[in-house]
Amino acid sequence: MRAQQLHPAHDTPHGEHHDGHHDGDDLHVSMSDYVRGFVLAVILTVIPFWLVMAGVIQNRATLVVVLGVLAAVQIVVHMVYFLHMNGKVQGGWTLLSTIFAVIFVGVTIAGTLWVMFHMNAHMMPDHANPMAMQPAAPHGHTATP
Amino acid sequence: MSDVTLNHAGGAGAAAAPRQYHLAHEPHPQNGTSLGFWLYLMSDVLIFAALFATYGVLGRAYAGGPTGAELFDLKLVAINTAFLLLSSITFGFAMLQKQAKNVGGTLTWLAVTGVLGLAFLGVELYEFAHLIHAGATPQTSAFLSAFFTLVGTHGLHVTFGIIWLITLMIQISKHGLTPANVRRVNCLSMFWHFLDVVWVGVFTFVYLMGVL
């Protein structure tokens, strides 16, 4: 019987019980988390600004990689200390959706850059050297004389 | 709602008030709102991913116009970053006050957060006005189109966050820290910290790498 799957409500007023159970902040935040996250975020922000503004690293490629790594670390710091990410919140569903989003972000950004720079390399006319646009096709049929 | 009210019609106790039951197993996860809001934020991540990709492709297409190195004022960006970072920890203080069920403290720290958010927005609008006045409008080059779209979308998010913050402060001062208001503070907290995460990407990839 259906009634067997049900049990009587508690003595507390219904609304109070429901809200207290589901919508209260079962997420416990702590001062130490926020302070630790803030200090780390400040350090991870000051370093890249200092590196660029003081011109510490001369090699452009190295600097770009260092800046990217610092940003990635800072994003993780924000996620852990400010957004309280871990594998247990919501039974791991937030972590799962985050991993999905991160993969999607990687595919979108890396894929777009890859495709578009290849498009540029293959399709942009080389103004400095017009002859460079002559295709090296085996048949040699081109519109230009 | 997972609650079922059964009327024992026809029984001897028909005159009694309807009895209330809960399902033994709740079909929805605990605090489903925050998971739903998290999923919304992840969809926002995808919007920003597309805008970052666009900027990545067009960021060096100056079309003979000014470059990032000529336009960006890193001191201004550093000040802006400081405002947003400070507003993150002041929102954290508001969360702690909310946890301690202190209405006055929550409102105070939310107000401080709002002021810092407005300061951020003010500096950003000053920067935009400065750029447009100097002739660096979104129509000037693909680089500037992508720049204004990406940074402007982030600024628009901050604007809506501030509108939400003010609305929520009015709600809290009227009704106190009711379960619904607590839920709203939790969601706005996620939204606010998320904006800081996006800004980390903006100041790194647009401004710092833009002046190299």
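The model shown is predicted, which means the values in this text are computed figures rather than measured ones.

Caption draft 1: Region of the structure containing the overall build of chain A. Of the regular secondary structure elements, chain A holds four helices and one strand. The helix and strand sequence of chain A, counted from the amino end, reads β-α-α-α-α. Split into buried and exposed, the 145 residues of chain A put 26% on the buried side. Within chain A, counting contacts between residues at least 6 apart in sequence, those at least 24 apart form 45% of the total. When the accessible surface of chain A is split by element, carbon and sulfur atoms take 70% of a total near 9700 Å².

Caption draft 2: Representation of the domain arrangement of chain A. If you check the domain split of chain A, you get domain 1 (33–85) and domain 2 (90–122). With centres defined by C-alpha atoms, the gap from domain 1 of chain A to domain 2 of chain A works out at 21 Å.

Caption draft 3: Region of the structure containing the UniProt feature "transmembrane region" (unreviewed entry) in chain A. Residues and elements named next belong to chain A. As annotated by UniProt and renumbered to match this structure, "transmembrane region" (unreviewed entry) occupies residues 34–56, 63–83 and 95–117. Taken end to end, residues 63–83 is 95% helix and 0% strand, and its two terminal C-alpha atoms sit 29 Å from one another. Each end of residues 95–117 is marked by a C-alpha atom, and these two atoms are 33 Å apart; helix forms 100% of the span and strand 0%.

Caption draft 4: Inspection of the UniProt feature "transmembrane region" (unreviewed entry) in chain B at higher detail. Residues and elements named next belong to chain B. As recorded in UniProt, the sites labelled "transmembrane region" (unreviewed entry) are residues 37–57, 77–96, 103–123, 143–170 and 191–210. Across residues 37–57 one finds 100% helix and 0% strand; the C-alpha atoms that close the span lie 31 Å apart. Secondary structure over residues 191–210 splits into 90% helix and 0% strand, and the C-alpha atoms at its two ends are 27 Å apart.

Caption draft 5: Just a nonpolar patch on the surface, in detail. Residues and elements named next belong to chain A. Side chains of M31, V35, V39, I43, V46, I47, W50 and V56 sit close together on the surface and give an oily, nonpolar patch of about 680 Å² of accessible area. With respect to the helices and strands, the residue V35 is situated in helix α2 (residues 31–53). Judged by its relative accessible area of 36%, V35 falls in the partly exposed class.

Caption draft 6: Broad picture of the nonpolar core. Residues F147, W199 and Y207 of chain B are the most contacted members of the largest nonpolar core, which totals 81 residues. The contact partners of Y207 of chain B, leaving out residues within four places of it in the chain, are F72, L74, V77, E127, F147, V151, W199 and V202 of chain B.

Caption draft 7: Structural detail: unusual backbone geometry. Residue and element names in this part refer to chain A. The backbone phi angle of H84 is positive, close to 55°, even though this residue is not glycine. Examined against the element boundaries, H84 turns out to sit in the loop between α3 (60–82) and α4 (93–123). Of the residues examined, H84 reaches a relative accessible area of 9% and is grouped as buried.

Caption draft 8: Looking closely at the packing of α2 of chain A against α3 of chain A. All names here are of chain A. Where α2 meets α3, the closest approach of the two axes is 9 Å, and the angle between their N-to-C directions is 165°. By the angle class used here, α2 and α3 are roughly antiparallel. Of the two possible hands of crossing, α2 and α3 adopt the one that is left-handed. For the contact of α2 with α3, the class distribution of residues is 17 nonpolar, four polar and two charged.

About the thresholds
- Along each chain, residue indices are assigned from 1 in the same order as the chain's sequence is written.
- All chains are assigned letters beginning with A, and all ligands numbers beginning with 1, in the order in which they are written.
- Where totals are concerned, whole chains, interfaces and linings use all residues; where local detail is concerned, this predicted model gives features only for residues with pLDDT of at least 70, and gives and counts side-chain atom pairs only at 80 or more.
- The side-chain quantities take in all heavy atoms of the structure and omit both hydrogens and water.
- A helix here means a DSSP run of H or I that spans at least four residues, while a strand means a run of E at least two residues long, and both kinds are numbered starting from the N terminus.
- Burial status follows relative accessibility: with a 1.4 Å probe on protein chains alone, a residue under 20% of its type maximum counts as buried, one over 50% as exposed, and anything between as partly exposed.
- Throughout, a contact is declared for two residues whenever any of their heavy atoms are within 4.5 Å.
- Each accessible area is a Shrake-Rupley result for a 1.4 Å probe, and residues are judged covered by the shown protein chains and nothing else.
- Where each domain begins and ends is defined by an automated method or by a domain database.
- UniProt positions are given in the numbering used here, feature names are shortened, and annotations may be inferred rather than shown by experiment.
- Nonpolar side chains (Val, Leu, Ile, Met, Phe, Trp, Tyr) within 5 Å and like charges within 9 Å form the patches, drawn only from residues with over 30% relative accessible area and no salt bridge.
- Salt bridges are defined by distance alone: a side-chain nitrogen of Lys or Arg within 4 Å of a carboxyl oxygen of Asp or Glu.
- By convention a nonpolar core is built from buried Ala, Val, Leu, Ile, Met, Phe, Trp, Tyr and Cys residues, the set being connected through side-chain atoms within 4.5 Å.
- Axis definition: a line fitted to C-alpha atoms, limited for helices to the stretch in contact. Angles are taken between N-to-C directions and run from 0 to 180 degrees.
- Put simply, angles under 35 degrees are roughly parallel, angles over 145 are roughly antiparallel, angles from 65 to 115 are roughly perpendicular, and the rest are oblique.
- Crossings are assigned a handedness: left-handed for a near helix turned anticlockwise from the far helix by less than a right angle, right-handed for a clockwise turn.
- Asp, Glu, Lys and Arg are counted as charged, while Ala, Val, Leu, Ile, Met, Phe, Trp, Tyr, Cys and Pro are counted as nonpolar; the rest, among them Gly, fall into the polar class.

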